[in-house]
Every structure is written in C-alpha cells, then in structure tokens.
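One letter stands for each residue in the lines below.
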Amino acid sequence: MKDRYQTLRLVLGDQLNSQHSWFHQVKEDTLYVLMEVRQETDYVSHHIQKILGFFAAMRNFADELQKQGHEVWYIGLDNPQNTQSLTENVSALIQQFSIQQFEYQEPDEYRLDLQLKAFTESLKIPSESVSTEHFLCEKEEFQEFFKGKKTLVMESFYRYMRKKYDLLLAGGKPLGGKWNYDAENRKKLPRKHSCPSPFTFSNPVSDLFKMVSEQGVSYIGEVDPETFIWPTTREQSLALLDYFLEVCLPLFGTYQDAMSENFWSVYHARISFSLNTKILSPLEVVNSVIAYWENHQEEISLSQVEGFVRQIIGWREYMRGIYWAYMPEYSSLNYFSHTRPLPSFYWTGNTKMNCLHHSIKQSIEHAYAHHIQRLMVTGNFALLAGIDPTEVDAWYLGIYIDAIEWVEITNTRGMSQFADGGIVGTKPYISSANYIKKMSDYCSGCAYDAKLKVGEGACPFNSLYWDFYDRNRPLLEKNPRVSMMYRVWDKMDDADKQSIRTQAQTYLNTLEEL
C-alpha cells in the first residue's frame, strides 16, 4: 500500500460488478474501499445467511480486484479502526491517504443515496457519482415512459423492454405470436412428481460466522457455517446459472407457481442473490437463457423461456423504477390503515397452518422462498390479518438473502400488501385456502380443513378472506377486478355472513395460537 492516493472509490456490498468500467484499467493512484459496517447489519434484523453471504461475496470480490492489480482497502467488521459508518470510514480514509477525489457508484437504496449525497456536499474535495452499469432501464427513462399515463401497467413496460433489447422477437413481433405465456405457467406439481435436487455449494464460512457472532450482531435464521449453500463468487454464480439452464429451465415456467413440502426450490434458478449483488448482470442472464433455448427448442418450450425473461427484464426492472419514482413516500403508504403486529410465528414457523409453517421454516433454514410462497402464503395471510405493512416490510427485508429495499419494499408494500393502493398491482393479491390447495400439497397435512369456512378446524384463510373484503368494502367495491367477489358475498345468507365474520374475528383475536 502507498501513503497517498489521488482517488478513493467506494464499492458497496451490492455493487460487486466485475464488468464495471471502473475495473477495465488498473490505476495505481486509485484506491478502492469495501467495508463491513454495523450500519448495514443493524438497520433491520437480517438472516444470518444474508449477512454471511454479503460479507463472503464482498471479501471474494476484493480478493479478485487485488489479483487484477487494483489497490484495495478492506475494512472488516472487527477492525479496531472501523467506525461502523460508511461515511465516517470514508472520511477517515480521505484523511489517512490524502485523497484528492472521492467517487462512488449510485446506491440502489434511498437511505444510502441520501447519506452519500449529504456526505459529498460536506466534503472539501471534488466528488462524483457514476452509474452501477447494471440495470437495463435508467430511472429517468422509466418515469418518461409512464409520463401522462393513469396507470403504470407492467405489461406495457415489459413489451417496451423486449423491443429495446430485441429479445424473443422476429421482425419486431413476439416469437410465437404472444407477448406473455403466463396462463401456461400456473400448474401444480403432479402427484409423485420428483423435482431435481437444488444445486448448492459448500462454502466454508466458519471464521466469518464466528466473527459476526463475537461482534454481537443480532440475526435471525439458521446456517451451517461449514457448508454455506449460496454462491459467493462470479464463478459459482455462473455455475448456478448453468445448472438452471441444463436441469431446471425445461420445466421452469410450467411449475414456477407450484409449492411443495418436499422440494424447496422446485425449478427456480435461485440466482437473485447473484443478480442483486450485481455479480451477474440481467442482460447476460436473459441472453444466456435465450441462447440455450435456441439450441434446445425440441426439449424446451417458448413458454418456459418467456416466463423467465419476463421476471428479469420486466418485473425486476419495473419494481426498481417504481421504487425510485415514489420514494420516500412509498415506504409509509398504508392504504388499509393496518396496524396489527406481525405474529411471532413469522420468526419461528411454529403455527398449525401447514402452508405458513413450511414457507416460514424454509425461509429460516435457507433464507429463501420463491415468489408464490412469499406472495400467496406469507404475504396473503399478513394482508388478510391486517398486519402493519411496516412490520411486514421489516420481516421480508431481513429474512431473505436477496432482499434489498428497492426490490423488497415494492414487492411487499405494493404487490403483496396493496398498501400503495394500486400503484403496483391492480387488485389485492389474496386468496382463500382454495388457491393454496390448488397449487401445493400443504393442505393434505394441515391441522385445518381447507374446505371449511367456519366451525372447528376451519382453515383461517377462508373466513379471513371474506372478512377482508367485507371490512374493506368502501376501499375496494369500485375496483372492477374484485367486483365479482362482492356479488358472491352479497348472495350469501345473512346468517352465513355473520358466521364468517364471527369466525374471522375469533382468529384475529387469537393469531398467536393459530
């Protein structure tokens, strides 16, 4: 290490993009800094696998930069000189190495963006922020696309992105004649169907785990520190992508909504951690999927590929655009004025409701659940039960390894909890037990009966579903997408409706006992 550097460049833990133009050329007068800080471990209670995953990936990235000849300063969580603040650490390095220019990549979280902007305004040296060179749609481009439109429909944005990057098109028109094959991607796993074993890693992170524990970091979840299963390098991330292409892609779309007690990853790619830390880029991922399909069209249908591409260049980019268009107000939206606290079983999985038990226990064990488990099980129940969306946000942000606020809060407060009143979703995504029974094997082993609305052993989802519509009628009855539910409700006998309300209230009063 030298005593002086011209430029200090900050790399955040979700900016591990080795393809970034910063790293194309080795500059001896430029120092890169990565840091582990309590500021980031403590703002919510994170899953231990999330903490270890970020730290391991950051350390591997720093090592790779050094091997390429870059000057790197890495501040570990237990470093005695660590102030545990991003900006205080940067300030100390500016002093220590007589830095003349500070640079950083634009953060993807609003709170960090505010922090770094305020910090640079206080500096006496020049500073510059640059793009992360990761996302496919710039913030301003997103807002311009929806300018003047009454609704922000994801499908129109998705088609725009397909055209922009010429993906799955022929002569400007969608391959197969359809833009969207979502209707073909909603099948339950057949009985006795066997999914492939998830491709996992055995990364030893015992030293990291010991350090985090000794530093007194509070965390949730479980981990085997001898065999950490998630990818922590670009090489491993690409290997996981290859496994998805070769083993899971042929049936990904068909069963992407399916849930199972026995197969926690089904046919999902599980590359969201690699994407959200920017180890992989969205364009290289979708291009790899499309190229693989083009060479294997006899075994893989177009619907499998389109469903995947839609998630990456449609939904993921759309959610990021929503985040930056509506923050910081978005983080406090609460359309239904829900205030009930999150039940304690969300942190333990100790509930007699089998669907929630399995989805939560899986999250505790693997820091992972796929989108339907998040939306239609844990999120569905929280919405039906009237849980405060701020508490739901904190749970989702903490428990999943891929959760960073820009993608978490839009999916949680928007899509899952409808707390934004319809910015993201055109209706609340709720269901009775019928949907869960249709898409999973959870109900067969449950203490509750999915067929019963009221009475002993009636599934809580059923009465809570109708009670939700009833109590929120002033806010929802004019929504054309849910008007049919009110027609069904209105046709019920008054006595039946009262029984449902009573059953729902009983469950709401005893959430901790369910």
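This is a predicted model, so every value here is computed, not measured. (Residues numbered from 1 in each chain as written. Predicted model: local features only at pLDDT ≥ 70, side-chain atom pairs only at ≥ 80, totals over all residues. Heavy atoms only, no water.)

1. Description of the sheet that holds strand β3 (residues 71-75)
Reasoning step 1: Read across the sheet, five strands follow the order β3-β2-β1-β4-β5 without closing on themselves; strand pairing throughout is parallel. Two strands bound the open sheet, and with one partner strand each, they are β3 and β5 (127-130). Taken pair by pair, the neighbouring strands of this sheet meet at an average axis angle of 25 degrees, ignoring direction.
Reasoning step 2: As judged from the four bridges shared by strand β1 (residues 7-10) and strand β4 (residues 101-105), these two strands associate in the parallel manner. Considered in β4, the bridge of T7 is made with Q101.
Reasoning step 3: Contacts from helix α3 (residues 86-96) reach β1, β2 (30-35), β3 and β4, with the element oriented near 160 degrees to β1.
Reasoning step 4: Where helix α4 (residues 110-122) meets the sheet, it contacts β1, β4 and β5, and its direction lies at approximately 170 degrees from that of β4. (Pairing = 2+ DSSP bridges. Helix = DSSP H or I, 4+ residues; strand = E, 2+ residues; numbered from the N terminus. Axes fitted to C-alpha atoms, helices over the stretch in contact; angles between N-to-C directions. Contact = heavy atoms within 4.5 Å.)

2. Digging into the layout of surface pockets
Reasoning step 1: Computed from the structure, the second largest pocket encloses a volume of approximately 360 Å³.
Reasoning step 2: Taken together, the residues that form the lining of the second largest pocket break down as eight nonpolar, five polar and seven charged. (1 Å grid on protein atoms, 1.4 Å probe; cavity = no way out; pocket = protein on both sides within 12 Å on 5 of 7 lines; lining within 4 Å. Points joined across faces, edges and corners; volume = space filled by probe spheres on them. Nonpolar A, V, L, I, M, F, W, Y, C, P; charged D, E, K, R; others polar.)

3. Remarks on helix α12 (residues 354-366)
Since the α-helix turns once every 3.6 residues, residues separated by three or four places project in the same direction.
Reasoning step 1: Compared with an ideal rise of 1.5 Å per residue, which puts 13 residues at 18 Å, α12 spans 18 Å between its outermost C-alpha atoms and is within 8% of the ideal.
Reasoning step 2: Within α12 the residues assigned to the buried category are N354, C355, L356, S359, I360, Q362, S363, I364 and H366.
Reasoning step 3: At its buried positions, α12 is contacted by α2 (48-67), α13 (371-384), α14 (389-399), α16 (433-439) and α17 (460-471).
Reasoning step 4: Just beyond α12, the residue with positive phi is A367, at close to 55 degrees. (Expected span 1.5 Å × (residues − 1). Buried < 20%, exposed > 50% of the residue type's maximum accessible area, 1.4 Å probe, protein only.)

4. What to know about the environment of T200
Reasoning step 1: By the element assignment, T200 lies in the loop between β7 (173-174) and α7 (206-214).
Reasoning step 2: Spatially, the C-alpha atoms of T200 and T227 are 9.0 Å apart, while their sequence positions differ by 27 residues.
Reasoning step 3: If we ignore the near neighbours within four places in the chain, the residues touching T200 are I229, W264 and R270.

5. Quick look at the nonpolar core
Reasoning step 1: Ranked by size, the top nonpolar core spans 154 residues in total, and within it Y318, L356, F381 and F461 carry the most contacts.
Reasoning step 2: Residues in contact with F461, not counting those within four places in the same chain, are M353, C355, L356, V377, N380, F381, L384, S431, S432, A433 and I436.
Reasoning step 3: With 22 residues, the next largest nonpolar core counts L8, L31, V33 and F97 among its residues. (Core = buried A, V, L, I, M, F, W, Y, C linked by side-chain atoms within 4.5 Å.)

6. Focus: the pairing of β4
Reasoning step 1: Among the five residues in β4, five count as buried, and that is most of the element.
Reasoning step 2: Going residue by residue along β4, you find Q101, E103 and Q105 tucked away on one face and F102 and Y104 tucked away on the opposite face as well.
Reasoning step 3: Relative to β5, β4 is paired through four bridges, and the arrangement is parallel. Paired with F102 across the strands is S127, a residue of β5.
Reasoning step 4: A crossover links β4 with its parallel partner β5, the connecting element being α4, and its sense is right-handed. (Right-handed = clockwise from strand over helix to strand, strands pointing away.)

7. Some words on the packing of aromatic side chains
Reasoning step 1: In this structure the tally under the stated criterion is 51 aromatic pairs.
Reasoning step 2: On the numbers, 4.8 Å between centres and 85 degrees between planes, the contact of F145 with F146 is edge-to-face.
Reasoning step 3: Their ring planes at 65 degrees and their centres at 5.6 Å tell us that F381 and F461 sit as a pair that is edge-to-face. Remark: F461 occurs in helix α17 and F381 occurs in helix α13; sequence separation between them is 80 residues. F461 carries the same exposure label as F381, and that label is buried.
Reasoning step 4: Through a chain of ring-to-ring contacts, three or more aromatic side chains come together here, namely Y335, F336, F418, Y465, W466, F468, Y469, Y486 and W489. (Phe/Tyr/Trp six-rings, centres within 6.5 Å; stacked < 30°, edge-to-face > 60°.)

8. Comments concerning the side chain of R320
Reasoning step 1: Note that R320 resides in helix α11 (residues 302-326).
Reasoning step 2: For R320, which is buried and forms no salt bridge, the nearest opposite charge comes from D108, at a distance of 4.1 Å. (Lys, Arg positive; Asp, Glu negative; His and termini not counted. Salt bridge = Lys/Arg side-chain N within 4 Å of Asp/Glu carboxyl O.)

9. Here's the deal with the pattern of salt bridges
Reasoning step 1: One pass over the structure, following the stated rule, counts 22 salt bridges.
Reasoning step 2: Across the salt bridge formed by E40 and R111, the nearest N and O atoms sit 2.6 Å from each other. Placement of the pair is E40 in helix α1 (residues 38-41) and R111 in helix α4, with a sequence separation of 71 residues.
Reasoning step 3: Residue R111 is classed as partly exposed on the basis of its relative accessible area, which comes to 25%.
Reasoning step 4: One continuous salt-bridge network, built from bridges that share partners, spans D182, R186, E306 and R310.

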